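What the coordinates show
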Amino acid sequence: MDIARHLVGSHEVFSEGDILWVRFRGGYAPEEARQTMSLVDQLFRAHGAVYMIGDLSTSALPGPETRRVLATWPYQLGYVAVMIGTNLAQRAFLQLIISAERMLNKSPKLLLQICATEADALAFVTQHRQQHGAKR
């Protein structure tokens, strides 16, 4: 399977099938969030579902403008975000994003899962695909 690699700011981004891997490094600027989410949108259009696995172990919390970009992004039903390497502050931030998205949309479209390891994230993706009929 072809793997497409990108650098979005200091963040390493690569896709493999319907999975977009993001290894966040340092801060996350609003334009970087837009670029990353545009890649997520492209994968969704190509596959009908998308799994973004984000490694937050070396990231900083995003500022208010980036949070606004993420909270107001026009997510599609079928977007699944799986985050690994999170600390307590990042978990709280992720819950705020999900809460904002739910307030803005009558039916939430983004599913968020927090996992301890990359292996756990891949196991979750496999299980989700089996339960929801998503194909790789």
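A few points on the structure. (Residues numbered from 1 in each chain as written. Predicted model: local features only at pLDDT ≥ 70, side-chain atom pairs only at ≥ 80, totals over all residues. Heavy atoms only, no water.)

Within this structure, the stated rule accounts for 4 aromatic pairs. Between Phe-44 and Tyr-79 the ring centres are 5.1 Å apart and the planes differ by 65°, which places this aromatic pair in the edge-to-face class. With Phe-44 in helix H1 (residues 30–47) and Tyr-79 in strand E5 (residues 79–84), this residue pair connects regions lying 35 residues apart in the sequence. Summarising the aromatic geometry, the rings of Tyr-75 and Tyr-79 are spaced 6.0 Å apart at their centres and angled 90° between planes, so their arrangement reads as edge-to-face. An aromatic cluster of three or more residues is present, and its members are Phe-44, Tyr-75 and Tyr-79. (Phe/Tyr/Trp six-rings, centres within 6.5 Å; stacked < 30°, edge-to-face > 60°. Helix = DSSP H or I, 4+ residues; strand = E, 2+ residues; numbered from the N terminus.)

Position of His-6 among the secondary structure elements: in strand E1 (residues 3–8). C-alpha separation for the pair His-6 and Thr-36, spaced 30 residues apart in sequence, amounts to 9.5 Å. Not counting residues within four places of it along the chain, the set of residues in contact with His-6 comprises His-11, Glu-12, Val-13 and Leu-39. (Contact = heavy atoms within 4.5 Å.)

So, on to the pattern of salt bridges. In this structure the tally under the stated criterion is 7 salt bridges. The partner of Asp-18 in a salt bridge is Arg-129, and the shortest N-O contact between them spans 2.4 Å. Taken together, the positions of Asp-18 in the loop between strand E2 (11–16) and strand E3 (19–26) and Arg-129 in helix H4 (residues 118–132) put the pair 111 residues apart, joining distant regions of the chain. Here Asp-18 matches Arg-129 in class, with each residue buried. Its salt-bridge partner being Arg-23, residue Glu-118 comes within 3.3 Å of it at the nearest N-O pair. Here the residue Glu-118 occupies a position in helix H4, and Arg-23 occupies one in strand E3, the gap between them amounting to 95 residues. You can call Glu-118 partly exposed: its relative accessible area is 34%. For Arg-23, a relative accessible area of 16% corresponds to the buried category. Linked by salt bridges that have partners in common, Glu-31, Arg-34, Glu-65 and Arg-68 make up one network. (Salt bridge = Lys/Arg side-chain N within 4 Å of Asp/Glu carboxyl O. Buried < 20%, exposed > 50% of the residue type's maximum accessible area, 1.4 Å probe, protein only.)

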